[in-house]
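Per-entry structural report
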Number of protein chains: 2
Amino acid sequence: MPFQLLEAHINKHLNITKEEFEVYKRHFTPLKIAKKDFLLEQGEICKVEAFVTKGSFRLYTTDANGKEHVLYFAVKDWWMADIDSFTNSIPSSITIQAMENSEVLMITRKQKDLLYKELPIVEKQFRIMSQKGYVALQRRLIQSHSMTAQDRYLNFTTKYPQIAQKLTNIQLASYLGISHEFLSKIRNKITQLNR
Amino acid sequence: MPFQLLEAHINKHLNITKEEFEVYKRHFTPLKIAKKDFLLEQGEICKVEAFVTKGSFRLYTTDANGKEHVLYFAVKDWWMADIDSFTNSIPSSITIQAMENSEVLMITRKQKDLLYKELPIVEKQFRIMSQKGYVALQRRLIQSHSMTAQDRYLNFTTKYPQIAQKLTNIQLASYLGISHEFLSKIRNKITQLNR
């Protein structure tokens, strides 16, 4: 079942044969992660890239004052890693924590290098995926510069309602870069406008 | 000369033959851009991806109040585009302006698709490049959350002294997300500390 999800995901970008997918899947290991457990902790080297097959994760960075800042959330059908740490073997700047009981398929750096050698067509998949990740980050950076907190809130909850409903006020406020008191004000204002 | 720069750049990531590079380079067109001219204006569809062979560029977004926010600067040996707009044919969120008389090699979407078909090895180059772009944006996002303006200033000027010296106070302040008055205060403070 998790591997079927991965196969369907890959075939959005590539047309790979059943035989090729057999080669592909051998490089991945399934892992269950309990709610609140960590796939990666800030400061560690990120050893795996993970494809989410169940549940949801929060990716955040903790600043020198101990304050957490959410970079993004990952749900089923998403990839996650600290690519900087994974690629360059430097300590990770982010923590990846399960928000509920979750499952992933993991691939290590060594296995990924092997995979590229065995199936060069996979370069295309990760080229497209990296571009999508880049675009998502660019949108987030532009919005953080140019949109009000209220517009960012509406944008996020409209675009990702299934993620938004899983979040606590504090988690969502941390993603939007505002205090949870300010988030409550925004929510009250919107409720009043919609009456 | 510009094509030699491109060839050297590609060979950082791939080993392509002289013959392959002949195929590669046919897809690119050289363009000179005068100081203050635009390669792309916000709202247009981004038609080309460009490799900088001379000079420097400022990539910024303008918010609803007309305020400009610099996303990044591009210099020789860097790629630039609004990948979101280029890939998805949607209006660009960014403007690309030459900070001095500059030169690029451009490739259109159609030519890029052709290039991938003719030389599948190029997928690898753009996979690696997209990952690097992703990592740079992730670092920027994390720093904007977790570092003080003074630390971001020191980090940028230490890492990219050759870019920093080309910038006006206003351009650098816009990149750091602070007012130019605040940037002046930071500079004064650092000067006093170094005395």
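The preceding data block contains the structure.
Everything quoted here is computed from the prediction, not taken from an experiment.

Bringing the pattern of salt bridges into the picture now. One pass over the full model with this rule turns up 20 salt bridges over all chains. For Lys 18 of chain A, the salt bridge identified is with Glu 7 of chain A, shortest N-O distance 3.1 Å. You can see Lys 18 of chain A sitting in helix α2 (residues 18-25) and its partner Glu 7 of chain A sitting in helix α1 (residues 2-10), a full 11 residues away along the chain. Between Asp 113 of chain A and Arg 109 of chain A there is a salt bridge, with the nearest N and O atoms lying 3.7 Å from each other. Highlighted residues: Asp 113 of chain A and Arg 109 of chain A, both in helix α4 (residues 109-118), separated by four residues, approximately one helical turn. In this structure Asp 113 of chain A comes out as partly exposed when scored by relative accessible area, which is 36%. The class of Arg 109 of chain A is partly exposed, set by a relative accessible area of 32%. One network of salt bridges, in which partners are shared, links Glu 123 of chain A together with Lys 124 and Arg 127 of chain B.

Close contact between helix α5 (residues 122-146) of chain A and helix α5 (residues 122-146) of chain B brings their axes to 8 Å; oriented N to C, the two are set at 25°. When the axis of α5 of chain A is compared with that of α5 of chain B, the two are roughly parallel. Between α5 of chain A and α5 of chain B lies a crossing of left-handed hand. In terms of residue class, the contact of α5 of chain A with α5 of chain B is built from eight nonpolar, 10 polar and eight charged.

Counting 90 residues, the largest nonpolar core has Phe 57 and Met 80 of chain A together with Phe 57 and Met 80 of chain B as its most contacted members. If we ignore the near neighbours within four places in the chain, the residues touching Met 80 of chain A are Leu 39, Glu 49, Ala 50, Val 52, Phe 57, Leu 59, Tyr 72, Ala 74, Ile 96 and Val 104 of chain A. Counting 19 residues, the second largest nonpolar core, distinct from the first, contains Phe 3, Phe 28, Trp 79 and Leu 105 of chain A.

Among the secondary structure elements, Arg 152 of chain B is positioned in helix α6 (residues 149-159). Side-chain polar atoms of Arg 152 of chain B contact the backbone oxygen of Met 147 of chain B, separated by 2.9 Å.

As a further point, take unusual backbone geometry. All names here are of chain B. Backbone geometry at Lys 36 places phi at a positive 75°, although glycine is not the residue there. You can call Lys 36 exposed: its relative accessible area is 56%. With a phi close to 85°, Asp 77 is a non-glycine residue in the positive phi region. Relative to the assigned elements, Asp 77 resides in the loop between β5 (68-75) and β6 (79-80). Look at Asp 77 and you get partly exposed, because its relative accessible area is 23%.

Let us now look at the interface of chain B and chain A. Each partner contributes to the interface: chain B provides 33 residues, whereas chain A provides 33 residues. Buried area between chain B and chain A, both sides added, is near 3,200 Å², and the carbon and sulfur share of it is 63%. Broken down residue by residue, the surface that chain B buries against chain A is led by Tyr 134, Leu 141 and His 145 of chain B, which jointly contribute 20%. Taken together, the links from chain B to chain A amount to six salt bridges. The shortest N-O distance in the salt bridge between Arg 139 of chain A and Asp 84 of chain B comes to 2.6 Å. Of all the secondary-structure elements, those providing two or more residues to the side of chain B that touches chain A are β5, α3 (83-88), α4 (109-118) and α5 of chain B. Residue classes in the side of chain B that touches chain A are distributed as 13 nonpolar, 11 polar and nine charged.

So, on to the pairing of strand β4 (residues 56-62) of chain B. All names here are of chain B. Here β4 lies mainly inside the structure; six of its seven residues are buried. Relative to β5, β4 runs antiparallel, the two being bridged by seven bridges. Across the sheet, the residue bridging to Leu 59 is Tyr 72, located in β5. Counted between consecutive antiparallel strands, the loop separating β4 from β5 contains five residues, among which Gly 66 sits at a positive phi close to 85°. When β4 meets strand β7 (residues 95-98), the two strands line up antiparallel, connected through four bridges. Bridged to Arg 58 within β7 is Gln 97.

Before going further, it helps to examine the sheet that holds strand β2 (residues 38-40) of chain A. The antiparallel open sheet is built from four strands, whose spatial order is β2-β7-β4-β5 (chain A). In this open sheet, the two edge strands, each paired with only one partner strand, are β2 and β5 (68-75) of chain A. Between one strand and the next, the sheet's axes are offset by a mean angle of 25°, whatever the strand orientation. In the packing of α5 of chain B onto the sheet, the strands contacted are β4 (56-62) and β5 of chain A, and the crossing angle to β5 of chain A comes to about 140°.

About the cut-offs
Residues numbered from 1 in each chain as written. Chains lettered and ligands numbered in written order. Predicted model: local features only at pLDDT ≥ 70, side-chain atom pairs only at ≥ 80, totals over all residues. Heavy atoms only, no water. Salt bridge = Lys/Arg side-chain N within 4 Å of Asp/Glu carboxyl O. Helix = DSSP H or I, 4+ residues; strand = E, 2+ residues; numbered from the N terminus. Buried < 20%, exposed > 50% of the residue type's maximum accessible area, 1.4 Å probe, protein only. Axes fitted to C-alpha atoms, helices over the stretch in contact; angles between N-to-C directions. Parallel < 35°, antiparallel > 145°, perpendicular 65-115°, else oblique. Left-handed = near helix turned anticlockwise from the far one by under 90°. Nonpolar A, V, L, I, M, F, W, Y, C, P; charged D, E, K, R; others polar. Core = buried A, V, L, I, M, F, W, Y, C linked by side-chain atoms within 4.5 Å. Contact = heavy atoms within 4.5 Å. Polar contact = N/O pair within 3.5 Å; in protein donor to acceptor, adjacent residues only side chain to side chain. Buried area = accessible area lost by both parts, 1.4 Å probe. Pairing = 2+ DSSP bridges.

Geometric descriptors of this kind do not, in isolation, establish any biological role.
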